[in-house]
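Single-letter residue listing:
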Amino acid sequence: MVKQSENLKVQALEQSVDLDAEFRQSNIHEVLDKLDRELIGLKPVKTRIHEIAALLLVDRVRKQLGLSAGAPSLHMCFTGNPGTGKTTVASRMSEILHRLGYVREGHLVSVTRDDLVGQYIGHTAPKTKEVIKRAMGGVLFIDEAYYLYKPENERDYGAESIEILLQTMENNRDDLVVILAGYKDRMDKFFQSNPGMRSRIAHHVDFPDYGADELVAIAKLMLAAQNYRFSPDGEKAFIEYIQLRMTQEYFANARSVRNALDRARLRQANRLFSSGKKSLTSVDLMTIEAEDIRASRVFIEGKKDTQATRSNT
């Protein structure tokens, strides 16, 4: 009997698997390719997501060969400034997890403190549990997660929500992945105050800010997706705009780019309407000109800042 058991073990060790075939069959390459197309730059983030995907693929293959191991912890923390692609990457991560069989449905439920924490006794638990119920089988993305913890307010109910989340993250690891997100310094303080949460997070991914060239490339992608484009002068104006905007308050990377393009489209529409042209070509309707960009108050505020700097030197 012992010899038979040893023979089975030897046979198991002699089995082989085509990892490349498993990779193709899972179709996760489609998700990774989509991530590369959707997001400009972010090389360290993309590298980390590729590493996590490889880990999960190898883990799945190990199970097929009877090489049992503890289920990998999949809860994550994404840190970085606004507009650096955290929600987009979370969405693609949910697809990868689904295609590899780590979550049943692969949907993403994105929430903030207001969705989880109630305003009176007995309100928080049902709110948090309802969100968890919606996210079960997929990924729960909690943006600005540090706002769940407010120790300075004795009547705050965020701690109750955290406790429920901790229990769920431990007991339902095979059916729910939680991704916490926010500014890095604030998330570090949050983890210091909540060591139980830190111990459940396996993957920490830091999202760097975009450079000016990357933001211009992002703008061109966004415009192309809506059948718009810059004129040569319009692109030059937008490059100047980005360089100024990056130095001003409340800059939010790709989010600020999207807002700027929305306003540029408004100005373009008003320019075309006011031009008095009876006939407009597709090129007219598609093109964002320099004047549509330079009308932004960012240029006015930028000039004021420059003049103030000169007067102080």
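Refer to the structure presented above.
It should be emphasised that the depicted structure is a prediction, and the values quoted were computed from it without experimental measurement.

Student: I'd like a rundown of the overall build of the chain, residues and numbers included.
Tutor: A tally of regular secondary structure across the chain gives 16 helices and seven strands. Taking 20 Å as the expected radius of gyration for a compact globule of 313 residues, we find that the chain reaches 25 Å, considerably beyond that expectation. Dimensions of the chain, computed from the C-alpha atoms along their principal axes, are close to 90 × 55 × 45 Å. Residue burial in the chain is summarised as follows: out of 313 residues, 41% are buried.

Student: Please give an account of the pattern of salt bridges that cites residues and values.
Tutor: The final tally for this structure, using the stated rule, is 16 salt bridges. Ionic pairing is found between Lys46 and Asp36, a salt bridge with its closest N-O pair at 3.9 Å. Residue Lys46 is located in helix 4 (residues 43–64), and its partner Asp36 is located in helix 3 (residues 28–38); the two are separated by ten residues in the primary sequence. With a shortest N-O distance of 2.7 Å, Arg104 and Asp175 are connected by a salt bridge. With Arg104 in the loop between helix 5 (86–99) and strand 2 (108–111) and Asp175 in the loop between helix 8 (158–171) and strand 4 (177–182), this pair connects stretches of sequence that are 71 residues apart. Using a relative accessible area of 14% as the deciding quantity, one classes Asp175 as buried. Each of the salt bridges in this network shares a partner with another, and the network as a whole consists of Lys34, Glu38, Arg92 and Glu95.

Student: Explain the layout of surface pockets to me, using residue names and the numbers behind them.
Tutor: The computed volume of the largest pocket comes to approximately 370 Å³. In this structure, the largest pocket is lined by 19 residues; those nearest its centre are Leu39, Gly85, Thr88, Ala254 and Arg258. Listing elements by their share of the lining of the largest pocket, those giving two or more residues are helix 3, helix 5, strand 3 (139–143), helix 11 (212–225) and helix 13 (253–274). Split by residue class, the lining of the largest pocket holds eight nonpolar, five polar and six charged. A volume near 260 Å³ is recorded for the second largest pocket. Taken together, 13 residues form the lining of the second largest pocket, with Arg245, Gln248, Arg263, Arg297 and Val298 sitting closest to its centre. Looking at the lining of the second largest pocket, the elements with two or more residues in it are helix 12 (232–245), helix 13 and helix 16 (297–311). Residue contributions to the lining of the second largest pocket peak at four residues, all from helix 13. Across the lining of the second largest pocket, the residue classes tally to three nonpolar, four polar and six charged.

Student: Could you give an account of the sheet that holds strand 4, naming the residues involved and the relevant values?
Tutor: Pairing within the open sheet is parallel, and its five strands lie in the order 2-3-4-1-5. With partners counted over all chains shown, the strands left at the sheet margins are strand 2 and strand 5 (203–207), one partner each. Averaged over all pairs of adjacent strands, the angle between their axes in this sheet comes to 20°, without regard to strand direction. Pairing of strand 1 (residues 76–80) with strand 5 involves five bridges; the strand directions are parallel.

Student: Describe helix 8, with residues and values.
Tutor: The end-to-end C-alpha separation of helix 8 is 20 Å, in line with the 20 Å expected for 14 residues at 1.5 Å each. Considering only its buried residues, helix 8 is in contact with helix 6 (113–116), helix 7 (124–135), strand 3, strand 4, helix 9 (184–193) and helix 10 (195–200).

Student: Go over the side chain of Thr128, please, and point to the residues and values.
Tutor: Tracing the sequence through the fold places Thr128 in helix 7. The class of Thr128 is buried, set by a relative accessible area of 0%. Those residues in contact with Thr128 that lie beyond four places of it in its chain are Leu116, Ser161, Ile164 and Leu165.

Student: How would you summarise the environment of Glu130 if you had to cite specific residues and measurements?
Tutor: Considering the arrangement of structural elements, one finds Glu130 in helix 7. Separated by 44 residues in sequence, Glu130 and Lys86 place their C-alpha atoms 24 Å apart.

Student: So, the nonpolar core: which residues are in play, and what are the values?
Tutor: Core analysis: the largest hydrophobic core is formed by 54 residues, its most contacted members being Phe78, Ile96, Leu97, Phe238, Val257 and Ile293. When residues no more than four places from it in sequence are discounted, the contact partners of Phe238 are Leu215, Val216, Ala219, Phe230, Val257, Ala260, Leu261 and Ile293. Counting residues in hydrophobic clusters, the runner-up holds 29 residues, among them Val131, Leu140, Leu148 and Met169.

What counts, and where the lines are drawn
Residues numbered from 1 in each chain as written. Predicted model: local features only at pLDDT ≥ 70, side-chain atom pairs only at ≥ 80, totals over all residues. Heavy atoms only, no water. Helix = DSSP H or I, 4+ residues; strand = E, 2+ residues; numbered from the N terminus. Rg over C-alpha atoms; globule rule 2.2 N^0.38 Å. Buried < 20%, exposed > 50% of the residue type's maximum accessible area, 1.4 Å probe, protein only. Salt bridge = Lys/Arg side-chain N within 4 Å of Asp/Glu carboxyl O. 1 Å grid on protein atoms, 1.4 Å probe; cavity = no way out; pocket = protein on both sides within 12 Å on 5 of 7 lines; lining within 4 Å. Points joined across faces, edges and corners; volume = space filled by probe spheres on them. Nonpolar A, V, L, I, M, F, W, Y, C, P; charged D, E, K, R; others polar. Pairing = 2+ DSSP bridges. Axes fitted to C-alpha atoms, helices over the stretch in contact; angles between N-to-C directions. Expected span 1.5 Å × (residues − 1). Contact = heavy atoms within 4.5 Å. Core = buried A, V, L, I, M, F, W, Y, C linked by side-chain atoms within 4.5 Å.

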